[in-house]
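Fold and contact review
Each chain, letter by letter, is given below.
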Amino acid sequence: MSHNQDWNRRSFLVTMGGAGAALLLNPLLSWAATDSDPRIAAIVARTFGIDTHNHIDVPLIKSELPGPKVDLVGELKKSGLSAICMTFAVDYQKLVNPGDAYERFLNGLTAMDEILKTNDMKRSLNFKDLQMAKKNKKPTVIQSVEGGHFLEGKIERLQVAYDRGLRHLGLLHDNDASVPLGDIFTKTPQWGGLTTFGGEVIKECERLGILVDLSHCDDNTVNGALKVANKPVLVSHTGLNTRLGNNEFMSKMMKPRLINKEQAKIVADNGGVIGVWTHLADSPTEFVDNIKAMVDVVGTDHVCIGTDTKLTPPYRSPIDKGWGGEDNKKPQGQNDSPKKESDHKDQKVPGPDGNKKQGGGTTNEAWGNLEQGFYYTVVESLLKAGFAEEEIGKIGGGNYCRIFDIATKKS
């Protein structure tokens, strides 16, 4: 089935074009435009730049709310991104008692409410909201969560989440929910792929208008989900398993999280979109090489950007001892380190200049101290790699917009 016909080329260009008119005449009006290619700022202004998986760290314990102040709007403007899918996870610390996951989820949303309030920002609940924010040159976010742990088998909680602004659900994360939804790609399969409850969650997401993200799902779970889903799905942050980079530690840790060519084609053939992350790339050029490799497999209409980085500084609870502590044993299936996955993003590895970080720092420091913001840098690298503006618009955010628009229209 093809969902791409819902968004033809004309509608894509019309929805992308209005906001950049002034910058077409004078692209240097935009932040961080460079002398190297005057098209960069104009393309950034004309297209949607969306990071489909960006962690914004917030406290999940009520006593720690509202959490530190962060300059989210400033970092977004600096990056050139129109929006991020603002995500968090509740399973970094062991879930012990019934209700823990749900309480952490609600506390996380409350903390994010405060961040948006202090930054004078709003969540985009549908594609029209994204369009309006772009037109008004206002950075925005799409609310996401990584893992359905908060449901604890209670499907009705999806309605609560929807009412709180959730529009993008990562079905799985690193550890099983108390009522599992499917098999996780870094653990030994034990559920036979998508569970009955996982299928119910996908159907309810489609009814409500929530985009389903199958990152962290093993192949059997993805294939089961595609049989259940009537709308396109997303795999927000991964890369091809043939693109392992140059660092042995990162390659070994990340390989189970990568997708093979055959599986990528299955997702694309069902109308889905696959996000390429900044991991396993020592430079913007290598990141774009990884994007190109994915495009060569599934086509330009099925690739997006999902960095799996943090736009704002990390936050760690004062009571967070890290996995392996006496009261916080390492969760099943985690064989890498007593640190959470995102902590590895600051792992220093030899880069082209000998001192860059691989996917480290914040999003705007994805490859060390960038001369311009993240999306400006990526657009420049895509141009240098020979991508046309229309292709950049699709990869940068247009493909995500297409499936987000379909997903948020209630069945």
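A few points on the structure. (Residues numbered from 1 in each chain as written. Predicted model: local features only at pLDDT ≥ 70, side-chain atom pairs only at ≥ 80, totals over all residues. Heavy atoms only, no water.)

Things to note about the overall build of the protein chain
Note the cut-off: Under the scheme used here, helices are H or I runs from DSSP no shorter than 4 residues and strands are E runs no shorter than 2 residues, and both carry numbers assigned from the N terminus. Throughout, exposure labels follow a simple rule: accessible area from a 1.4 Å probe, protein chains only, divided by the maximum for the residue type, with under 20% read as buried, over 50% as exposed, and the rest as partly exposed. Here, residues are in contact when the closest pair of their heavy atoms is within 4.5 Å. Accessibility throughout is a Shrake-Rupley quantity obtained with a 1.4 Å probe, and a residue counts as covered only by protein chains that appear here.
Of regular secondary structure, the protein chain possesses 14 helices and eight strands. Here the protein chain, with 411 residues, has 61% of them falling under the buried criterion. In the protein chain, 74% of the contacts between residues at least 6 apart in sequence involve partners at least 24 apart. Put simply, the protein chain shows about 16,700 Å² of open surface, and 50% of that area lies on carbon and sulfur atoms.

Some remarks on the packing of aromatic side chains
Counted only if it meets this: Aromatic pairing here means that ring centres of Phe, Tyr or Trp (its six-membered ring) are within 6.5 Å. Orientation follows from the plane angle: under 30 degrees is stacked, over 60 is edge-to-face, and everything else is tilted.
A complete count under the given rule lists seven aromatic pairs for this structure. Both rings, one in Phe287 and one in Phe374, keep their centres 6.3 Å apart while their planes meet at 50 degrees; by these two values the pair is tilted. With Phe287 in helix α12 (residues 284-298) and Phe374 in helix α13 (residues 374-384), this pair connects stretches of sequence that are 87 residues apart. Between Tyr400 and Phe404 the ring centres are 5.7 Å apart and the planes differ by 15 degrees, which places this aromatic pair in the stacked class. With Tyr400 and Phe404 both in helix α14 (residues 389-408) and four residues apart, the pair spans about one turn of that helix. The exposure class assigned to Phe404 is buried, which follows from its relative accessible area of 0%. Among the aromatic residues, those joined into a ring-pair cluster are Phe88, Phe105 and Phe150.

A closer look at helix α8 (residues 196-208)
We count it as follows: Here the expected length of a helix is defined as 1.5 Å per residue gap, with one fewer gap than residues.
Between its first and last C-alpha atoms α8 spans 19 Å; for 13 residues at 1.5 Å apiece the expected length is 18 Å, and the two agree. Looking one or two residues past α8, Gly209 carries a phi angle of roughly 110 degrees, positive in sign.

A closer look at the pattern of salt bridges
Our working definition: Put simply, a salt bridge is a Lys or Arg side-chain nitrogen that is within 4 Å of an Asp or Glu carboxyl oxygen.
Per the stated rule, a full pass over the model turns up 13 salt bridges. When the shortest N-O distance is used, the salt bridge between Lys292 and Asp296 registers 3.3 Å. Taken together, the residues Lys292 and Asp296, both in helix α12 and four residues apart, mark about one turn of the helix. The exposure class of Asp296 is exposed, given its relative accessible area of 55%. Among the ionic pairs, Asp405 bridges to Lys409, the shortest N-O distance being 3.6 Å. Overall, Lys409 belongs to the exposed group, its relative accessible area being 51%. Several salt bridges converge on common partners, so that one network encompasses Asp113, Arg123 and Arg164.

A word on the side chain of His216
As a reminder, the rule being used: Polar contact criterion, stated in full: a pair of N or O atoms within 3.5 Å, where within protein one must be able to donate a hydrogen and the other to accept it, and residues adjacent in sequence count only if both atoms are side-chain atoms.
One can find His216 in the loop between β5 (211-213) and α9 (219-228). Among the residues examined, His216 registers a relative accessible area of 1% and is labelled buried. A distance of 2.9 Å separates a polar atom in the side chain of His216 from a polar atom in the side chain of Glu146.

Focus on the side chain of Asn290
Relative to the helices and strands, Asn290 resides in helix α12. Classification of Asn290 as buried rests on a relative accessible area of 9%. Only 2.8 Å separates the side chain of Asn290 from the side chain of Arg243, close enough to count as a polar contact. Contact partners of Asn290, with chain neighbours within four places excluded, come to Arg243, Val276, His279, Leu280 and Ala281.

Some thoughts on the packing of helix α11 (residues 261-269) against α12
Convention followed: Think of each axis as a best-fit line through the C-alpha atoms, taken over the contacting stretch in the case of a helix, with angles from 0 to 180 degrees between the N-to-C directions. Two helices crossing with the near one rotated counterclockwise from the far one by less than a right angle form a left-handed crossing, whereas a clockwise rotation gives a right-handed crossing. Each residue gets one of three labels, nonpolar for Ala, Val, Leu, Ile, Met, Phe, Trp, Tyr, Cys and Pro, charged for Asp, Glu, Lys and Arg, and polar for the others, Gly among them.
Two elements in contact, α11 and α12, have axes whose closest approach is 9 Å; the angle formed by their N-to-C orientations is 65 degrees. Every pair of crossing elements has a handedness; the one defined by α11 and α12 is right-handed. Of the residues in α12, those in contact with Lys261, Ala264, Lys265 and Ala268 of α11 are Met294, Val297 and Val298. In terms of residue class, the contact of α11 with α12 is built from five nonpolar, no polar and two charged.

Concerning unusual backbone geometry
Comment: phi is negative for the bulk of residues other than glycine, and the bulk of peptide bonds are trans. Across the junction of Leu65 and Pro66, the peptide omega takes the value 5 degrees, indicating a cis bond. With respect to the helices, strands and loops of the structure, Pro66 is situated in the loop between β1 (50-55) and α4 (72-79). Positive phi, close to 55 degrees, is recorded for Lys137, a residue that is not glycine. Mapped onto the elements, Lys137 comes out in the loop between α6 (127-135) and β3 (140-146). With relative accessibility at 56%, the residue Lys137 sits in the exposed group. Phi at His216 takes a positive value of approximately 75 degrees, unusual for a residue other than glycine.

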